[in-house]
Amino acid sequence: MKLSLQWIKELLANNHISDEEIINSIEKLGYEIENVYKQNYDVLSKIKVVKILSIKKHPNADKLVICNITDGINNYEVVCGAPNVYEGMFTAYVGVGGILHDGTKVEQRKIRGIVSNGMLCSAKELGLYEDHSGILELDDKFVIGDPLSKYFCDTIVEISTPANRYDCLGHLGISKELAVKLDIEFLNTFVDLTNFVNTTKTLPMFDVKILSYQLCKRYIAIQIKNVNNKVSIPVYIKYRLNSLGLRSISPLVDISNYVMLLVGHSVHIFDSDKLAGGRIFVRTAKKDETVTALDGKTYNLDDSVIVISDEEKPVAIAGIIGLEN
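Computed from a prediction, not measured in an experiment: that's the story for all the values here.

Q: Please explain the side chain of Ser122 as it appears in this structure.
A: Looking at where Ser122 falls in the secondary structure, it is placed in the loop between strand 9 (119-120) and helix 4 (123-126). Ignoring any residue separated from it by four or fewer positions in sequence, one finds Ser122 in contact with Asp131, His132, Gly134, Ile135 and Leu136.

Q: In this structure, what is going on with the nonpolar core? I would like to understand it.
A: Grouped burial of nonpolar side chains is what soluble globular proteins tend to show. In this structure, Ile47, Leu126, Leu128, Leu136, Leu138, Leu148 and Phe152 are the most contacted members of the largest nonpolar core, which totals 22 residues. Those residues in contact with Phe152 that sit more than four places away from it in its chain are Gln6, Gln39, Leu44, Leu128, Leu138, Phe142, Val235 and Tyr239. Grouped together as the second largest cluster of nonpolar side chains are 17 residues, Leu5, Ile174, Leu178 and Ile184 included.

Q: What is the right way to read a nonpolar patch on the surface from this model?
A: A surface patch of nonpolar side chains, amounting to about 560 Å² of accessible area, comprises Leu203, Met205, Ile220, Ile222, Ile224 and Val227. Relative to the helices and strands, Ile224 resides in the loop between strand 11 (208-210) and helix 7 (235-243). For Ile224, a relative accessible area of 59% gives the class exposed.

Q: Could you clarify how one ought to interpret the sheet that holds strand 9 in this entry?
A: As a general point, the strands of a sheet are linked pairwise by backbone hydrogen bonds and lie either parallel or antiparallel. The sheet built from five strands is open, its strands ordered 5-4-3-6-9 with antiparallel pairing. Looking at the sheet topology across the chains shown, the edges are occupied by strand 5 (75-80) and strand 9. Bridge count between strand 6 (residues 90-94) and strand 9: two bridges; the pairing is antiparallel. Bridge pairing in strand 9 links Tyr93 to Leu120.

Q: How should I be thinking about the pattern of salt bridges in this particular structure?
A: Working definition: two side chains of opposite charge can pair if their charged atoms are close together. In total, this model carries twelve salt bridges according to the counting rule given. Asp146 is the salt-bridge partner of Lys150, the closest N and O atoms lying 3.0 Å from each other. Under the relative-accessibility criterion, Lys150 is labelled exposed at 54%. The buried category is assigned to Asp146, whose relative accessible area is 14%.

Q: Would you explain the sheet that holds strand 1 (residues 2-4) in this entry?
A: Taken together, three strands build an open sheet; the order of strands is 1-10-2 and the sheet is antiparallel. Two strands bound the open sheet, and with one partner strand each, they are strand 1 and strand 2 (32-38). For this sheet the average axis-to-axis angle between neighbouring strands, irrespective of direction, equals 25°. With three bridges connecting them, strand 1 and strand 10 (residues 155-160) associate as antiparallel partners. Following the sheet pairing, Ser4 is matched in strand 10 by Ile156. Each of strand 1, strand 2 and strand 10 touches helix 2 (residues 19-28); the most contacted strand, strand 2, lies at about 165° to it.

Q: How should I be thinking about the packing of aromatic side chains in this particular structure?
A: Each aromatic ring pair is specified by the distance between its two centres and by the angle formed by the two planes. Applying the stated rule across the entire model yields six aromatic pairs. Relative to Tyr258, the ring of Trp7 has its centre 4.5 Å away and its plane inclined at 15°; by these criteria the two rings are stacked. Placement of the pair is Trp7 in helix 1 (residues 5-11) and Tyr258 in helix 8 (residues 251-263), with a sequence separation of 251 residues. Residue Trp7 is classed as buried on the basis of its relative accessible area of 3%. Taken together, a centroid distance of 6.1 Å and an interplanar angle of 80° make the contact between Tyr236 and Tyr258 edge-to-face. Residue Tyr236 is found in helix 7, and its partner Tyr258 is found in helix 8; the two are separated by 22 residues along the sequence. One aromatic cluster is present, built from ring pairs that chain together Phe142, Tyr151, Phe152 and Tyr239.

Q: I keep staring at helix 6 (residues 171-182) and nothing clicks. Help me out?
A: When the terminal C-alpha atoms of helix 6 are compared, their 16 Å separation across twelve residues agrees well with the 16 Å that a helix rising 1.5 Å per residue should span. Within the sequence span of helix 6, burial applies to His171, Leu172, Gly173, Ile174, Ser175, Leu178, Ala179 and Leu182. Residues of helix 6 that are buried in the fold lie against strand 1, helix 1, helix 2, strand 10 and helix 8. The positive-phi residue at the C-terminal boundary of helix 6 is Asp183, with phi of around 55°.

Here is what the cut-offs are and how they apply
Residues numbered from 1 in each chain as written. Predicted model: local features only at pLDDT ≥ 70, side-chain atom pairs only at ≥ 80, totals over all residues. Heavy atoms only, no water. Helix = DSSP H or I, 4+ residues; strand = E, 2+ residues; numbered from the N terminus. Contact = heavy atoms within 4.5 Å. Core = buried A, V, L, I, M, F, W, Y, C linked by side-chain atoms within 4.5 Å. Buried < 20%, exposed > 50% of the residue type's maximum accessible area, 1.4 Å probe, protein only. Patch = residues over 30% accessible without salt bridge, like charges linked within 9 Å, V, L, I, M, F, W, Y side chains within 5 Å. Areas by Shrake-Rupley, 256 points an atom, 1.4 Å probe, with all protein chains shown as cover. Salt bridge = Lys/Arg side-chain N within 4 Å of Asp/Glu carboxyl O. Pairing = 2+ DSSP bridges. Axes fitted to C-alpha atoms, helices over the stretch in contact; angles between N-to-C directions. Phe/Tyr/Trp six-rings, centres within 6.5 Å; stacked < 30°, edge-to-face > 60°. Expected span 1.5 Å × (residues − 1).

Listed below in structure tokens is the structure:
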């Protein structure tokens, strides 16, 4: 299991405890450390948070603009072709002489006759996560002029969790263990559900029928209506997913994966409009049942595998991966 020490520190309400102290404490608690990976501090320490003050069209290129940006002290003109750029945007700036994640050195250069003093970068160019669709969009929690290393420098620790400690398969469980070991306050990050329930004070449960009780003792679902799957997911969530080995896919999938990494329990979100019969069944796969998963691969299943199904077809391999449908 991979752990973000940055995330652990937030749950422990103590950002000043050292990585080494956390790692030593994890070992003393009986967890084997398999790998420790420190992300590239040097690269991110030379990349600044900036604000785009104004934008004007490039005189010699329809798809390029000239951005006037500030790092709080100096202003720069940078040529940019990203589709998501706008005035007032907080983003990341690599100045002349700076280095990108892949080792490319940024130089002052003329682009269609206009001098560009550095680059505004995508998350992929910075090594944060796999998104090259536009420049990195930050919110106003990021302070203009700060180095990105202040926000994105993390240490990832891979540990082996004993089979009988299923309560420690997520950041929440490990943080509780560390809070006791280090005598530090533990922060409970769960929200108050009061405003999410109806007048009967019960959650809107969704109909689930378990057909393979020997292999699955419990599976519950609630129905949430009027969700928006096109909202912008905070940068730190995408960054943490990537750091811990998962891709950012869409807001709802990202949220479910983020919660899974927090609590150590698999979570899946289905579109109820696409569930035939309006019910969920938990059953074993039929012999030679073939499914195509979200990774695009086709899997031939047998009756040792549990699937989540509607009345007609499987929609997920339970606890493993959702299906393409």
